[in-house]
Each structure stands twice: as structure tokens, then as C-alpha cells.
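# An overview of the molecular structure
The chain contents come next:
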Amino acid sequence: MTSTPYTVNDVMTKTVVTVTAAAEFKEIATAMEHWKVTAVPVIEGEGHVVGVVSEADLLAKEEFHEHGPSLIEQMRRLGDTAKAGSVRAEQLMTSPAVTIRPDATLPQAARLMADRHIKRLPVVDADGTLLGIVSRADLLKVFLRSDDDLAAEVRREVVERLFPLSHRDITVDVTHGIVTLTGRTRDQHLIPVATRLARAVEGVVGVRCRLEGPASA
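Residues numbered from 1 in each chain as written. Predicted model: local features only at pLDDT ≥ 70, side-chain atom pairs only at ≥ 80, totals over all residues. Heavy atoms only, no water.

### Considering the overall build of the protein
Tallying secondary structure elements over the protein gives 10 helices and 8 strands in all. The 217 residues of the protein split such that 42% are buried. The long-range fraction of contacts in the protein, counting pairs at least 24 apart against all pairs at least 6 apart in sequence, stands at 58%. Within the structure as shown, the protein displays about 12700 Å² of accessible surface, and the carbon and sulfur contribution to it stands at 52%. (Helix = DSSP H or I, 4+ residues; strand = E, 2+ residues; numbered from the N terminus. Buried < 20%, exposed > 50% of the residue type's maximum accessible area, 1.4 Å probe, protein only. Contact = heavy atoms within 4.5 Å. Areas by Shrake-Rupley, 256 points an atom, 1.4 Å probe, with all protein chains shown as cover.)

Okay, here's the thing in C-alpha cells:
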């Protein structure tokens, strides 16, 4: 009933800093510092994503800079100790990269980030070619929508569609992203549905439902 959900394509960054598999450690660190990013996709060919190098991948070298890892550390942290001795992206990167398609919804992207404990996702097409990158901060952009914009969508996509006969008796107010529905409706059983649909509108922080059924005779 509500309008088309926001997708990754709506919020992703389309200009992406990348490196090739042959990029040297210092080149990667310099790119991250210059462009103020915390990770870079590693690409080959015409933009096919083969991995991601993050700050965490580079920090292993600093961690073991003054003293090499003990035998126990080497056995317990094989990945980190291997990266500490690496000098090129192909050795440092996490591969295969966890990626997402541009038509994925924002909740799908958020769940994937949470499940895989990562802060950003390269966005790729069906062939694995890089289209952009989406971060946790990008997923929060929908909460920057104005209160007026949210109120208009809730009224248009929820109230007017759900209550075609009594929508003029319902007031929609939005303050700091919180929707308040007030008024009376002829269809009391639809009040919980209205609450659920209003909460599902992208950018809504919360819903206060003060709708009531028909007045008693």
C-alpha cells in the first residue's frame, strides 16, 4: 500500500575510491587518508570486485611492527599475522567481498551489515561490476527527510488509501520524525494496520496512534 521502498541505489555513493590487486600497502594507506575513507574495494578488469581492504586489514602490520607474533599468536590469528607480512592488496584484502545489489532495500542492507559485522558494502550489478558503495551512514540518510515530507507521504499513502471515507477526519502530524495520527475512523479494526503502515514509511522514527472508532450514538 505504501510507496516503493527506498533502495540501496537511492542512497549509495556512486563515486568510489578503488585499488587494483597489485596496489602496494603504502598506496592503499595513502588513498584512504587522502579520500577520508576507511575501506576500498579491490577491482580487476573492467571493475569486477574481487575483495575489500579495510583499515582493520592494514592495522595488523602496525600491531606486530615492534615485535613479531609469537607461535601461539600465529596459530590463533592466522589471518591477522599473514596480513602483517603482506604488502599488496591481493594479500591484504578480504575475499570474496561481501557485496549487495542496487535494488536491495535498506533493511536488507542493514541486516547484511549486521550479520557480517561490516560497515560498508560494495554495490555491484549481476556480473559483479562495481556500481557504488553503501555505508552505515548512507542507510541513515532516510531519517533526514523533512517532517513535512513524511507527513505528506503518510497522509497520501496510508491515511487516504486506508480510510477513503473518513480520511478528512484524521490529522497527521510529524515532529522530529515521530508521526502522530489523531481523529476518528469508521473502520476501527484498521487502526492497528494504519499504525503498522505509517511505521513502515522510510524515515519515520516512531508512531503515536490516537485514532478512535466511531463515536457512540
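That shown, we press on.
### Focus: the nonpolar core
Formed by 21 residues in total, the largest nonpolar core has its most connected members in Val 154, Phe 163, Val 172, Val 179, Leu 181, Ala 194 and Leu 211. Breaking this core down by element, the ones donating at least two residues are helix H9 (147-162), strand S6 (170-175), strand S7 (178-184), helix H10 (191-200) and strand S8 (206-212). Ranked by the residues each element gives to this core, the list is headed by H9, at 6 residues. Excluding anything up to four places from it in sequence, Val 179 contacts Val 154, Val 172, Asp 173, Val 174, Val 204, Gly 206, Val 207 and Arg 208. (Core = buried A, V, L, I, M, F, W, Y, C linked by side-chain atoms within 4.5 Å.)

### So, H9
Relative to the 22 Å expected for 16 residues at 1.5 Å per residue, H9 spans 21 Å between its end C-alpha atoms, a close match to the ideal helical length. If you look at H9, its biggest bend is around 35°, right at Arg 155. Burial in H9 covers these residues: Leu 150, Ala 151, Glu 153, Val 154, Glu 157, Val 158, Val 159 and Leu 162. Buried positions along H9 lie against S6, S7 and H10. (Expected span 1.5 Å × (residues − 1). Bend = angle between axes of the 7 residues up to and from the residue.)

### Quick notes on the side chain of Glu 202
Structurally, Glu 202 is set in the loop between H10 and S8. The side chain of Glu 202 is buried and forms no salt bridge, while Arg 145, the nearest opposite charge, is found at 6.8 Å. Side-chain polar atoms of Glu 202 contact the backbone nitrogen of Tyr 6, separated by 3.4 Å. If we skip the residues at most four places from it in the chain, Glu 202 touches Pro 5, Tyr 6, Leu 106, Val 142, Arg 145 and Leu 150. (Lys, Arg positive; Asp, Glu negative; His and termini not counted. Salt bridge = Lys/Arg side-chain N within 4 Å of Asp/Glu carboxyl O. Polar contact = N/O pair within 3.5 Å; in protein donor to acceptor, adjacent residues only side chain to side chain.)

### Quick notes on unusual backbone geometry
At the junction of Ser 95 and Pro 96, the peptide bond is cis and its omega measures out at 0° in the coordinates. Positionally, Pro 96 belongs in the loop between helix H6 (89-92) and helix H7 (106-116). Phi angles above zero are rare outside glycine, and Lys 36 is one such case at about 55°. Tracing the chain through its elements places Lys 36 in the loop between helix H2 (25-35) and strand S2 (39-44).

### What about the confidence of the model for the protein?
Summary statistics for the protein give a mean pLDDT of 88 and a share of 85% for residues scoring 70 or more. When mean pLDDT is compared element by element in the protein, S6 scores highest at 98, while helix H5 (residues 78-84) scores lowest at 46. (pLDDT = per-residue confidence, 0-100.)

### So, the side chain of Thr 185
Following the sequence through the fold, Thr 185 ends up in the loop between S7 and H10. A polar side-chain atom of Thr 185 sits 3.4 Å from a polar atom in the side chain of Ser 166. Within the structure, the side chain of Thr 185 is placed 3.1 Å from the backbone nitrogen of Asp 187, a separation counted as a polar contact. Setting aside residues no more than four positions away along its own chain, Thr 185 makes contact with Phe 163, Ser 166, Ile 170, Ile 191, Glu 212, Gly 213 and Pro 214.

### As for the sheet that holds strand S3 (residues 48-54)
Spatial strand order, S1-S2-S3: 3 strands in an open sheet with mixed pairing. This sheet does not close on itself; its edge strands, each paired only once, are strand S1 (19-20) and S3. One ladder, built from 6 bridges, connects S2 with S3; its direction is antiparallel. Note that in S3 the partner of Val 42 across the bridge is Gly 51. (Pairing = 2+ DSSP bridges.)

### Quick word on a nonpolar patch on the surface
Among the surface-exposed residues, Leu 140, Phe 143 and Val 205 lie close enough to one another that they form a single nonpolar patch of about 300 Å² accessible area. Topologically, Leu 140 is positioned in the loop between helix H8 (136-139) and H9. (Patch = residues over 30% accessible without salt bridge, like charges linked within 9 Å, V, L, I, M, F, W, Y side chains within 5 Å.)

### Looking at the pairing of S8
If a strand is regular, its side chains alternate between the two faces of the sheet. Sheet topology places S7 next to S8; 7 bridges connect them, and they run parallel. From the neighbouring strand, Ile 178 faces S8, where its bridge partner is Gly 206. Handedness of the crossover joining S7 and S8 through H10: right-handed. (Right-handed = clockwise from strand over helix to strand, strands pointing away.)

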